[in-house]
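What follows is the residue order along each chain.
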Amino acid sequence: MKEITLRIKTFGDPVLRKKSISVKNVDSVHKQILSKMARLMYDSGGIGLAAPQVGINEAMIVVDIGNSLYKLINPKIAKKSGNQVLEEGCLSVPGVCIKVKRAKEVLVQALDDSGKQVNIEAQGLLACVFQHEIDHLHGKLIVDYASFLDKLKIKNKLKKLREKAKIEKLPESENKSCELQL
């Protein structure tokens, strides 16, 4: 099996805006990707990571707020209730925090990394993280929730992230010359 190397994509990379496709058959490659995603999430100090954030256009997420690691395939919010507002950050939008209104309680339906159907009832922070990661599967980012005032405040940070994403997209030879110009 080919070794899979994952890297977090940042704001401005078009892969973050694509809608993820459903996984039809869970196989050993999906298991490997989910394990690598979990390792990258932990190494990056995150509590959730979605496949689009590492350039994979499939509906997979990993979540761990400190008490249990969830590796989910094709997750969907089946039910939600209540409201909460939490300040959220994102590994793909470093340095930006946005207050986001989300459901306080959710029921997530998904497949685990063995392809078995699971139902997870979550509330508070865990519910928030599930909603955040599932948003990624639909091409939605926390900046989409920003108020007009917040968008003005983060405009320069987003511009820098967009420019960085463009540089990282260039072929290796062009990328090196651009780095010298910085």
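Above this note sits the structure.
Together, Phe148, Leu149 and Leu152 give the surface a local cluster of nonpolar side chains, amounting to about 360 Å² of exposed area. Inspection of the secondary structure assignment puts Leu149 in helix H3 (residues 148-169).

We now examine empty space enclosed by the protein. Enumeration according to the criterion identifies one cavity of 30 Å³ or more in this entry. Roughly 40 Å³ of internal volume is contained in the largest cavity. As for the largest cavity, its lining consists of Arg102, His132, Asp135, His136, Lys140, Leu141, Ile142 and Tyr145. The element best represented in the lining of the largest cavity is helix H2 (residues 124-137), accounting for three residues. The residue inventory of the lining of the largest cavity, partitioned by class, reads three nonpolar, two polar and three charged.

Attention now moves to the layout of surface pockets. Here the largest pocket defines a volume of roughly 250 Å³. Secondary structure elements with two or more residues in the lining of the largest pocket: strand E4 (84-88) and H2. Broken down by element, the lining of the largest pocket gets its largest block of residues, five residues, from H2. Here the lining of the largest pocket is composed, by residue class, of seven nonpolar, six polar and three charged.

Within soluble globular proteins, side chains that are nonpolar tend to cluster in buried spots. The biggest cluster of nonpolar side chains holds 19 residues, and the ones touching the most others in it are Ile61, Val63, Tyr70, Leu72, Val108, Ile120 and Phe130. Sorting the residues of this core by element identifies strand E2 (60-63), strand E3 (70-81), strand E6 (105-111), strand E7 (117-123) and H2 as the ones contributing at least two each. Looking at which element gives the most residues to this core, the answer is H2, with six residues. Residue contacts for Val108: discarding those within four places in its chain leaves Leu72, Pro75, Lys76, Ile77, Val118, Asn119, Ile120, Phe130 and Ile134. Residues Val23, Leu34, Met37 and Ala38 belong to the second largest nonpolar core, which totals 18 residues.

Mapped onto the fold, Gln53 is located in the loop between strand E1 (48-50) and E2. Note on Gln53: relative accessible area 1%, which makes it buried. Linking Gln53 and Ser35, residues 18 residues apart in sequence, is a C-alpha distance of 15 Å. Apart from residues lying up to four places away in sequence, Gln53 is in contact with Arg7, Ile8, Lys9, Leu16, Cys90, Leu91, Ser92, Glu133 and His136. Among the polar contacts listed, one links the side chain of Gln53 to the backbone nitrogen of Ala50, at a separation of 2.8 Å.

About the cut-offs
Residues numbered from 1 in each chain as written. Predicted model: local features only at pLDDT ≥ 70, side-chain atom pairs only at ≥ 80, totals over all residues. Heavy atoms only, no water. Patch = residues over 30% accessible without salt bridge, like charges linked within 9 Å, V, L, I, M, F, W, Y side chains within 5 Å. Areas by Shrake-Rupley, 256 points an atom, 1.4 Å probe, with all protein chains shown as cover. Salt bridge = Lys/Arg side-chain N within 4 Å of Asp/Glu carboxyl O. Helix = DSSP H or I, 4+ residues; strand = E, 2+ residues; numbered from the N terminus. 1 Å grid on protein atoms, 1.4 Å probe; cavity = no way out; pocket = protein on both sides within 12 Å on 5 of 7 lines; lining within 4 Å. Points joined across faces, edges and corners; volume = space filled by probe spheres on them. Nonpolar A, V, L, I, M, F, W, Y, C, P; charged D, E, K, R; others polar. Core = buried A, V, L, I, M, F, W, Y, C linked by side-chain atoms within 4.5 Å. Buried < 20%, exposed > 50% of the residue type's maximum accessible area, 1.4 Å probe, protein only. Contact = heavy atoms within 4.5 Å. Polar contact = N/O pair within 3.5 Å; in protein donor to acceptor, adjacent residues only side chain to side chain.

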